[in-house]
Amino acid sequence: STLQHLLPVWIPNGKYMNVPYQRMNGEAGAFQVNAELGSIAGGSEAEPELKLETLNRGRGRVGTNARSFRAVKVAIGALLFALVLSATVVSKLTLISMTSRLGSALVADVVVPGTAVSLYWQLLFVIMVPQCVTFVRTMLRGVCGKRTSTFPWPTYRALAVGIVSSIFEVIAMTCLVFLVLTHLPKISAIFTMNGIFMVQAVLDLRRVKCCDLLHGRGIVRGLNAVLENKVSRIAGIVLQLFPILAVAVYIGVITRDVMLPVTLPLCLLVISAVWSTGCQRLGTKASTRTHPEASAHNWSSDSTRLRSRYKSNFLNSAIRIILYPFVSYIIFRYALTHNRIDPWCLHESCSIADVFTWSGKDMGLFFAQILGSFLGYIFAWVSCCMGLHRWGLAIPLFLCTPVSVAICVGVMHHDTFGLFQENLVEVNRIVTSTVFLLWLGQMLVVGFSIWKEKNVILAKDSSMFVSPHYDGVLLEQQILLNRKVEDVKKKQIKKENKTVFVCSTMYREDSDEMEQMLSSIHNLASYYSEEKEKNKTCDNFESHIFFDGGVNGDSLTHFALQLVSLLETSLGVDVRVCQRFKTPYGYRLSWLVENVMPFSIHLKDNTKIKNKKRWSQVMYMNYVLNYRIPASNNTTHMTGNNTFILTTDADIQFTAESAVVLLDMLDSDPQVGAVCARTHPQGSGLLYWYQVFDYAIGHWFQKAAEHILGCVLCCPGCFSAFRCCALSSVLETYSTEVSNSKATEFLIKDMGEDRWLCTLLVEKGWRLEYCAVSENHTHCPEDFDTFFKQRRRWIPSTVANLSLLITQASEITRGNDTVSILFVLFQSVLVFSTAISPATVILVIASGFASAYKVSDSSVIAIIVLLLLLSIAYGLFCIYGKPQQQLDVAKLASFILVIFMGVVFAGNLKNMIYDAAFLIQDCSLSETCAKNGTFIFPLTPSTMYLTLFTLLFIVAGLVHFNEFSCLIHGVWYFLALPSGYLLLLIYSVANLDDRSWGTREASAGGQEGGVGSFRKYVDSYFNNIVGFWNKNKTPDVIEKKTPDQSPGSTIQSGIAPIVASHPIVDDAVRCQYETLVNEREFKLSDQVRQWLADVECPPEYADMFERHGYFKLSFIAGMTAEDLEFIGIQSRGYVLRLEKAARDLPLYSELDCDEINNVGIWLQCLELQAYWRLFEAAGYKTRADLENLKGLAEEDLQRMGIHMRAHLGRLKQGINRIYYLHNSQFKLHQDVVQWLKTNDCIQYAQHFEREGYFNSRFIAGLKSKDFEAIGITERGLRLRLEREAKSLPAFVIQKGIPLDVRTWLESLEMQGYQELFATAGYKHKGDLESLKGLKADDLKKLGILKKAHLQRLMEGIDRLTYPTEGENKVHETKTILQGVTFDDEDAAESAFWETALAVGQPLRPIEASFKSDAELKVALKTLRNATLAVLLLINIMWIVLLYTLQFPELVKYNLPSKAFESLFLAVYALIILVQFGAMIAHRGVTLVHYLARVESTS
């Protein structure tokens, strides 16, 4: 959460292309594809149609065509050229103006002490300001808070070289400014400033070796290059040395003065030496004893030297700052003015005020020089970052001298303002032409190298310039010498190809989400293919998908088949041309996309490897770091520093440009361990709109602030790039299990795996960055329940990781140079703001009501107390209520609170209107108050605060102009503040003990949710209340209905009664028998009477149950409302209560008796043995007569004298049960017998047969509780059978409409029930529609009681629907893969996975029985209770504190009486302004990166 969230702030067209599939016969990465597309099923070679969902929203913003690229490139280059040239020319001309005016002021006849001293101080400041900038910059960048291990100190030798060179530089630069430039004419002075390249030319000449002859080119071309290099360097030396000596001799002859001729070449020679790359490298050599961690980060010796340059330049700049005033004083007083003027001890006629009271011209020239030097350096740096070094550095710096000379010549006779004055020495045109050669020498020495040198996009200053400083006197010369030019060998290392592994995790995504991600992979493959055609040594890309639960035993799951079925349309690959490997963790399927990019799907078997996202991440990290990188050959040469992992979610959408720009930032700095991108949500509806604004401000302010102020703390796994050597440093810790006794570990590790990974990287010293140029889109929750469940994971894990960062602040700040104490303090304020967000929301609502309705303070306090009590009540309800009921209450409360926020909006708007009206009258009031000596503040704090926030958000939207529309959704965000920061926080904390993922999980069968479940929940309580009030009333007995009139008859509408053809019992026998059984056998049992008493029913209901045959609880179990109404219970409340109680009773199961040999045993199994004589009289006795019972209908039983509703239903079930009592089709198959023998449980064979598990496909996937229901009591045996059942092939029921009921039953392996269904009237295809309405209870009434059969039939009924196109494709894919043979697995890879899955390794799954879940549950509940208590205490104390610290006497000044609240708001506003400033700075970095990518893409 960010601070600004908590306060009252108003805050695709698809393209279809026919791409023919190409034959693949090549090599890529670590595997080979060699397959032919032959004729399939008698057809010709297939050319699948490639359907690419290009989704215009996901296209990169970096240009659209070559013409626009070229236009933008020219515009940017022209702008940078103009800026750099203007800045450097201004810097040079203003300096020459100062020196020429100082020289004229020191003419012997007209000495002006005040003017000379003022110009002295101006020139001294010009020299020292860049040194001060360098001192502050190096102190912040490499000294303050920086570890010596990563920013080492220089060696003693380097320190000595730096001190000596600094001393000589100070002397030489001071002499150049005060002795040389003040005496030379302006044109000669400008040319003379180019004479500092002599030493650099000599060093470059020595570096050219004969070994360069054979480096990547022919001997003739190499010889030409070397000659060209040597000739240019020799010519440069001559052109640098000859003009300087010639001018010095000429000046000495004319002036007959030794000082200037000697000073001129010596100054230029000393500056040339100390600014040469050789001297600077000697002065920045790092001490090997102070950077032991450099090897851990894979930093080269050059990188370490570059890091030591900060401390070296810090010391050197400090020395120069100290020396410049003293040296300049000595030279100015004794060498320049010959002790006539003391710049530090002024004359009586010239005061200190006169010296520093500069005229407008002097002030303008001074600041123009300072700003010109600084901006010239900055714009040159920006040009190099963008890759436009030729436009923004080489050309303008080379043209700076001739342009400056041209301007001087142009204004020579028109110097209206007196900016330039002639100097002491007159030089003729020959000398001017001679010093012009210095500029040509500069071009020859550094021109070719500067023109050809390139650097990576967004390169750091250390890789572009040798030293982190600039000079205000010799600006362009210092930049040219300081520009880092790599030799050939280092360039080869720098341009080493990168390898990028695109690793995606997948679980239960929809087909649209999968297709979106696959289309993004195809875009990346197309980019890779194009780059491969342009440059055979381009970066390498591979794509890997790690699928949780993708395979079960030897069968691919539905979601895995769904993914594979999309490959043809999304990636353009043929599923048949697939490499299929059986691996220790499951399966691996591999293809080659666009014939260049390897693409693999790793299907995980959860019985062989750990599931869930974190372990999939650990899996691909191990695969890349511990197998692919060590196994790389000389062609790929993968290392931890040039190999990267691009992590994506399975529903992500991105472009190739977005992936590449992430690598730019990783290339720019080896200390960067990970980079994240700008994520946009996808979806529709109010919740989507809410998240659009939430994501926007989270990235605009929070991510940008973290990037600028310190380090990004979370690079989400949805789309981020990681450096492999960074991941290698934390992989061991990241692979650890959660301690059962530490609840915070569970929140950190398993609920927030992405943030914890980033926390580990920060602890190890890596910097994490945010790249706004890279964009991606991901699906966001669109329904309330999913959104709350998602944030229920995010909020606790975020706070837990931030708390970890805060508690370990001292260690992290010592170990990470980008994290400071101030940054940790900033994060602490964010955590505190999250904790007090409920109190903030309550206060916002209360103040809104006070503003809208002008209620009294007591009423406001009452509103606060009421909202606080309701919040506490919701927290208690979340603890004790069911999960779905918590969400239902949150929905209702959110709706009410939205109305409250509407009142808040109206109240704040009302206040703002009043303040605006008061501000209009402010002038007259101010005059009156001034007369009275009082002061009235014109605006209230709330109005100022809201105005400030509104302006900040508008400006933020403007600088994100392509995302400005996100601000529109701030309306919904404001209205939903209570839901997001009150209810959601309470819900998240109260459910800390909920360990479920919450999203993309299989829903529990039969679980009802949403408003319907909440309505039933309320109705049940209401009906119970109604029933309680009707408890003592005598219920109205409805008229007894005949069985034919029964609305709840046991005969289903689809079952046609059979006309009786059996003998009927004599009426006298029947009547006598009815009396007998009613009096003796069917009296109400004590259990039923006790059950009715427990349900609190009237005594009269007992007679109703007895009269209709419900004499035992087994007959009452499963009674419906219709059955209860039929027996005479009319009260709606009692009907619902009894129905619920009957549903909780165990169903009668003894009906499934396989040892039935005659009708008597059959009746005994039905608990109706009292009817034996009646059936015997009707001729039903023996085993053979059981078959005759199958034709009896309900009418036949009534003619026999059986009229009780319960008995009729039970007998009908028993008759239906006869259909499969001795059916051989349901006997135990041999595969089950063999499986039971293998697992030493053959003694339970009858139990399996009794429950209907007659073949192994019924056993597949059974859990321990299922085996317990079968009758297996031994816990160890149940767990063993559960493990073995997971490896059995699962039975998958395909969607579809079969020909008839018989075909449908055969597809379910339930053909033994064909006669039963036919008897019930289900025979033909038209009857399949009637099956859709059957429930499990209906099947039981038909006589189907075996648990396995009921489950199979219900699944079959659910699958009776027309399949979609995607489901048909999944079925076809399954058929195709069954025909794909397994390839020979790589022995080395197989051995690697076997080692990774060995006992004791992190990826090896842990049996559930070995986990101490009970201990973790207790720890989570304890943490939940403690957190809720602390949260409640903090918010109550915060509210009390704000309402206690009040000062009413401030009201008369129209100042806020709540001083503490105003102070807090001021601090709040300050932090928001800091975030805003960081956001503006980050937009500058983003603009540079964006423009650099435009140039690079073009």
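Residues numbered from 1 in each chain as written. Predicted model: local features only at pLDDT ≥ 70, side-chain atom pairs only at ≥ 80, totals over all residues. Heavy atoms only, no water.

Please clarify how the overall build of the protein chain should be interpreted in this entry.
Within the protein chain one finds 61 helices and 16 strands. By element, 60% of the accessible surface of the protein chain is carried by carbon and sulfur atoms, the whole surface being about 65,200 Å². (Helix = DSSP H or I, 4+ residues; strand = E, 2+ residues; numbered from the N terminus. Areas by Shrake-Rupley, 256 points an atom, 1.4 Å probe, with all protein chains shown as cover.)

Looking at this model, I keep getting lost on unusual backbone geometry. Mind explaining?
Among all residues except glycine, the phi angle is most often negative; among peptide bonds, the trans geometry is most common. In this structure, Glu594 takes a positive phi of about 55° despite not being glycine. Looking at where Glu594 falls in the secondary structure, it is placed in the loop between strand 10 (586–593) and strand 11 (597–604). Within the chain, Glu1167 stands out as a residue other than glycine whose phi angle is a positive 60°. For Glu1167, the position within the fold is in the loop between helix 43 (1159–1165) and helix 44 (1172–1177).

Explain a negative patch on the surface here, please?
A cluster of acidic side chains, namely Asp1384, Glu1385, Asp1386 and Glu1394, defines a negative patch on the protein surface. Tracing the backbone through its elements, the reader meets Asp1386 in the loop between helix 58 (1365–1378) and helix 59 (1387–1396). (Patch = residues over 30% accessible without salt bridge, like charges linked within 9 Å, V, L, I, M, F, W, Y side chains within 5 Å. Salt bridge = Lys/Arg side-chain N within 4 Å of Asp/Glu carboxyl O. Lys, Arg positive; Asp, Glu negative; His and termini not counted. Charge placed at Lys NZ, Arg CZ, Asp CG, Glu CD.)

How should the nonpolar core be read in this particular structure?
Where a protein is soluble and globular, its nonpolar side chains tend to be buried together. Formed by 157 residues in total, the largest nonpolar core has its most connected members in Met173, Phe178 and Phe599. Setting aside anything within four residues of it in sequence, one finds Phe178 in contact with Leu102, Tyr120, Leu123, Leu124, Ile127, His183, Ser328, Ile331, Phe332 and Leu336. Within the second largest apolar cluster, 134 residues are counted, among which are Ile864, Leu867, Leu897 and Trp1393. (Core = buried A, V, L, I, M, F, W, Y, C linked by side-chain atoms within 4.5 Å. Buried < 20%, exposed > 50% of the residue type's maximum accessible area, 1.4 Å probe, protein only. Contact = heavy atoms within 4.5 Å.)

Please explain the pattern of salt bridges as it appears in this structure.
Counted under the stated rule, the structure contains 38 salt bridges. Across the pair Arg628 and Glu542 runs a salt bridge whose closest N-O atoms are separated by 2.6 Å. With a gap of 86 residues between them, Arg628 in helix 20 (residues 613–631) and Glu542 in strand 6 (residues 540–547) connect regions that are remote in the sequence. Classification of Arg628 by relative accessible area gives buried; the value is 6%. For Glu963, the salt bridge identified is with Arg678, shortest N-O distance 2.8 Å. Here Glu963 is found in the loop between helix 33 (941–959) and helix 34 (970–975), whereas its partner Arg678 is found in strand 14 (residues 672–682), with 285 residues between them in sequence. On the accessibility criterion, Arg678 (1% relative accessible area) is buried.

I keep staring at the packing of helix 2 (residues 113–143) against helix 3 (residues 156–180) and nothing clicks. Help me out?
The description of two packed helices rests on the angle between their axes and on the distance between the axes. Two elements in contact, helix 2 and helix 3, have axes whose closest approach is 11 Å; the angle formed by their N-to-C orientations is 145°. The way helix 2 lies across helix 3 gives a crossing that is right-handed. Contact with helix 2, carried on its side by Tyr120, Leu123, Leu124, Ile127 and Gln131, involves Glu169, Met173, Val177 and Phe178 of helix 3 and no other residues of that element. (Axes fitted to C-alpha atoms, helices over the stretch in contact; angles between N-to-C directions. Left-handed = near helix turned anticlockwise from the far one by under 90°.)

Got a minute to help me understand the environment of Val1485 in this structure?
By the secondary structure assignment, Val1485 is in helix 61 (residues 1459–1497). Sequence separation between Val1485 and Ala772 is 713 residues; the distance between their C-alpha atoms is 9.2 Å.

I tried to follow the packing of aromatic side chains on my own but got confused; where do I start?
Describing an aromatic ring pair means giving the distance of the ring centres and the angle of the ring planes. Applying the stated criterion across every chain yields a total of 54 aromatic pairs. Here Trp1091 and Phe1105 contribute two aromatic rings whose centre-to-centre distance is 6.3 Å and whose plane-to-plane angle is 80°, an arrangement assigned as edge-to-face. Placement of Trp1091 in helix 38 (residues 1086–1094) and of Phe1105 in helix 39 (residues 1100–1107) is noted, with a sequence separation of 14 residues between them. Residue Phe1105 is classed as buried on the basis of its relative accessible area, which comes to 0%. Ring-pair connections join several aromatic residues into one group, and the members of that group are Tyr690, Phe693, Phe701, Phe784, Phe787, Phe788, Phe949, Phe953, Tyr973, Tyr981 and Tyr987. (Phe/Tyr/Trp six-rings, centres within 6.5 Å; stacked < 30°, edge-to-face > 60°.)

What is the right way to read the sheet that holds strand 6 from this model?
Paired through their backbone hydrogen bonds, the strands of a sheet run either parallel or antiparallel. Within the open sheet, the 10 strands sit side by side as 9-10-11-6-5-12-15-14-16-13. Their pairing is mixed. Edge positions in the sheet fall to strand 9 (579–583) and strand 13 (652–654), since each of these pairs with one other strand and no more. Adjacent strand axes in the sheet meet at a mean angle of 25°, parallel and antiparallel pairs treated alike. (Pairing = 2+ DSSP bridges.)

Would you explain the state of the cysteines in this entry?
Enumeration according to the criterion identifies 0 disulfides in this entry. Cys175 takes part in no disulfide bond, and the closest cysteine sulfur to it belongs to Cys267, at a distance of 4.5 Å. The cysteine Cys725 is free of any disulfide, with Cys724 supplying the nearest cysteine sulfur at 7.7 Å. (Disulfide = S-S within 2.5 Å.)

Looking at this structure, I do not really get helix 21 (residues 656–668). What am I missing?
Think of an α-helix as turning once every 3.6 residues; residues three or four places apart then point the same way. Here helix 21 spans 19 Å end to end across 13 residues, near enough to the 18 Å set by a 1.5 Å rise per residue. Burial analysis of helix 21 places 11 of its 13 residues in the buried class, the great majority of the element. Restricting attention to buried positions, one finds in helix 21 the residues Ala656, Ser658, Ala659, Val660, Val661, Leu662, Leu663, Asp664, Met665, Leu666 and Ser668. (Expected span 1.5 Å × (residues − 1).)

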